[in-house]
Amino acid sequence: MKFYSLTNNHNQASFKEAVIAGIAPDKGLYFPEKITPLAADFFEKIETCSNHEIAFRAIHQFVSADIPDSILKDILKNVLDFDFPVVEIQEDIATLELFHGPTMAFKDVGARFMANCLGYFSKNESNEVTVLVATSGDTGGAVANGFLGVKRVNVVILYPSGKVSDIQEKQLTTLGQNIIAMEVDGTFDDCQKMVKSAFLDAEITALKKLTSANSINVARWLPQLFYFLFAFKQAKSKGKEIVFSIPSGNFGNVCAGMVAQKMGMPVKHFVAATNVNDVVPKFMHSGAYNPVPSIATISNAMDVGDPSNFVRIRQLYGNDLVELKKNLSSFSFSDEETKDAMKEIYSKSEYVVDPHGAVGYLGLKKYQKKNPNTFGIFLETAHPVKFLATVEETLNISPKIPPQIQKVINREKESIKINSYEGLKTYLMGT
Ligand SMILES: *Cc1c(COP(=O)(O)O)cnc(C)c1O
């Protein structure tokens, strides 16, 4: 399977090359040349398959040229060692809990898969690879955890000082070994700019092989299609058409769900729910795509003003807005609406959602109002304790801290403070 650049289709790469480079030389995102549907009986009998079998069948076509079957099976065993339960909280409304992994956010799946692939690919390489990543919170922890101890891979995580939650900061600054945390005196946008500058800096790239671990990397993006299949397996017996609502920021997650649908999974509709960062909802309405600087919200992992994966979604529908609209709705919600939804879910169902999940719930409700008699699943993308202050304040409760989180809270933070690009460059050139 080849992957081609969405900027220039002639720029092609193998899976391995695409993973190691992160992004095409022309700065385009890589996209699979073909998505082949799975046999119809796979979906008919999906409830008889283990999650490992499902994941293997789903990802095989994309990676098999570069990863032997036995290695792929081992990788999937490492990656998928936790549960993905669908929990019905109201009639015809369920949440897909994606927070049972080591850092309690859905990004664990993609980050672990990418780390395992890169570890395998660099096994016989003499050069080390440096993964450079900017985080507004959740990516950093998942990447740090996924790559910890992977040989010949070093990870440098940039995060905005004072702008991630305490738990998120601990998750990315306390692991040590091959994980370096850089605490940037600035915003998330500043971190991202520094990462981009490093990728374009010939003095650095002459010395170091750099790659990114954001969802632009195909090894982080594609495995996200697994949990849509796991959800389908659980919800199939409901006998109703399924609608997925995905709280969206960079739109990698919802795009992966659409890949699962292209592979033949029956889905009636997707809803991409956003906070007030509403570039895509506006585009779906007007057809004009106008990126803007991001606005800070309580669902901060979705504070994105120019969603990087949206080009992949447009590609899936041949850049045809009419076709896309048949399968995707996108709605935006304010922080007030989000908090009200958290309260409503708690009082109606005694279920605690985090602000991102609440945005997903709101999107689903809005869709189901006009499309009743569907079974709706909204993705709960992070455990509510990761957004402790908002949850405590909104619901007036003190949720119990799970053991994964308790463990990191007691560890010692270690970071390198930088206040300009030169700080990053000096570090990369000197190590
Ligand atoms: C990253 C993240 C999202 C957004 O996912 P995208 O794939 O960027 O759309 C939503 N919720 C949480 C908790 C996240 O960490």
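Residues numbered from 1 in each chain as written. Predicted model: local features only at pLDDT ≥ 70, side-chain atom pairs only at ≥ 80, totals over all residues. Heavy atoms only, no water.

- Where an unreviewed UniProt entry is consulted, the protein chain appears under the name Threonine synthase, with the organism given as Flagellimonas maritima.
- Annotation of the protein chain in UniProt includes, under Pathway (unreviewed entry), the sentence "Amino-acid biosynthesis; L-threonine biosynthesis; L-threonine from L-aspartate: step 5/5." (UniProt positions renumbered as here; feature names shortened; annotations may be inferred.)

**A look at the packing of helix H16 (residues 335-349) against helix H17 (residues 355-370)**
Thinking step 1. Packing of H16 against H17 leaves a shortest axis separation of 9 Å and a crossing angle of 85 degrees. Accordingly, the angle class assigned to the pair H16 and H17 is roughly perpendicular. Seen from H16, the contacting residues are Glu337, Thr338, Ala341, Met342, Glu344, Ile345 and Lys348; seen from H17, they are Pro355, Ala358, Val359, Tyr361, Leu362 and Lys365.
Thinking step 2. Taken together, the residues of the contact of H16 with H17 break down into eight nonpolar, one polar and four charged. (Axes fitted to C-alpha atoms, helices over the stretch in contact; angles between N-to-C directions. Helix = DSSP H or I, 4+ residues; strand = E, 2+ residues; numbered from the N terminus. Parallel < 35°, antiparallel > 145°, perpendicular 65-115°, else oblique. Contact = heavy atoms within 4.5 Å. Nonpolar A, V, L, I, M, F, W, Y, C, P; charged D, E, K, R; others polar.)

**Digging into the UniProt feature "modified residue: N6-(pyridoxal phosphate)lysine" (unreviewed entry) in the protein chain**
Thinking step 1. Under the feature "modified residue: N6-(pyridoxal phosphate)lysine" (unreviewed entry), the UniProt entry names Lys107.
Thinking step 2. Within the secondary structure, Lys107 is located in helix H5 (residues 107-121).
Thinking step 3. Residue Lys107 is classed as buried on the basis of its relative accessible area of 13%. (Buried < 20%, exposed > 50% of the residue type's maximum accessible area, 1.4 Å probe, protein only.)

**Here's the deal with the side chain of Gln171**
Thinking step 1. Inspection of the secondary structure assignment puts Gln171 in helix H7 (residues 166-173).
Thinking step 2. For Gln171, a relative accessible area of 5% gives the class buried.
Thinking step 3. Among the polar contacts made by the side chain of Gln171, one reaches the side chain of Lys386 at a distance of 3.1 Å.
Thinking step 4. Excluding its chain neighbours within four sequence positions, the residues that come into contact with Gln171 are Thr103, Gly141, Ala144, Lys386, Ile405 and Val408. (Polar contact = N/O pair within 3.5 Å; in protein donor to acceptor, adjacent residues only side chain to side chain.)

**Focus on the sheet that holds strand E8 (residues 179-184)**
Thinking step 1. Pairing in this open sheet of five strands is parallel, and the strands run E9-E6-E7-E8-E14 from one edge to the other. Single-partner strands in this sheet number two, and they are strand E9 (209-212) and strand E14 (416-418). Mean inter-strand twist for the sheet, computed between neighbouring axes without regard to direction, equals 25 degrees.
Thinking step 2. Inspection of the sheet shows strand E6 (residues 129-134) paired to E9 by four bridges, in the parallel sense. Paired with Val129 across the bridge in E9 is Lys209.
Thinking step 3. In this fold helix H6 (residues 138-147) packs onto E6, strand E7 (153-160) and E8, with an angle of close to 165 degrees to the strand it touches most, E7.
Thinking step 4. Of the strands in this sheet, E6, E7, E8, E9 and E14 are in contact with helix H8 (residues 188-199), which crosses E6 at around 150 degrees. (Pairing = 2+ DSSP bridges.)

**Focus: the packing of helix H11 (residues 226-235) against helix H12 (residues 252-262)**
Thinking step 1. Where H11 meets H12, the closest approach of the two axes is 8 Å, and the angle between their N-to-C directions is 60 degrees. By the criterion of interaxial angle, the relationship of H11 to H12 is oblique. Two packed elements cross with a definite hand, and for H11 against H12 that hand is right-handed. Residues Tyr227, Phe228 and Leu229 of H11 form the contact with H12, whose own contacting residues are Asn253, Ala256, Gly257 and Ala260. (Left-handed = near helix turned anticlockwise from the far one by under 90°.)

**Some points on the packing of aromatic side chains**
Centre distance and the angle of the planes are the two values used to describe a pair of aromatic rings.
Thinking step 1. Tallied over the full model, the rule gives 22 aromatic pairs.
Thinking step 2. Ring geometry for Phe283 against Tyr289: centres 6.3 Å apart, planes inclined by 75 degrees, an arrangement best described as edge-to-face.
Thinking step 3. Overall, Tyr289 belongs to the partly exposed group, its relative accessible area being 22%.
Thinking step 4. In textbook terms, an aromatic cluster arises when at least three aromatic residues are bridged by ring pairs, as seen for Phe82, Phe84, Phe106, Phe113, Phe226, Tyr227, Phe228, Phe230, Phe244 and Phe270.
Thinking step 5. One residue, Lys73, lies across the ring of Phe56, its end atom 4.9 Å from the ring centre.
Thinking step 6. The positively charged end of Arg312 is found above the aromatic ring belonging to Trp221, 4.1 Å away from the centroid. (Phe/Tyr/Trp six-rings, centres within 6.5 Å; stacked < 30°, edge-to-face > 60°. Lys NZ or Arg CZ within 6 Å of the ring centre and 35° of its normal.)

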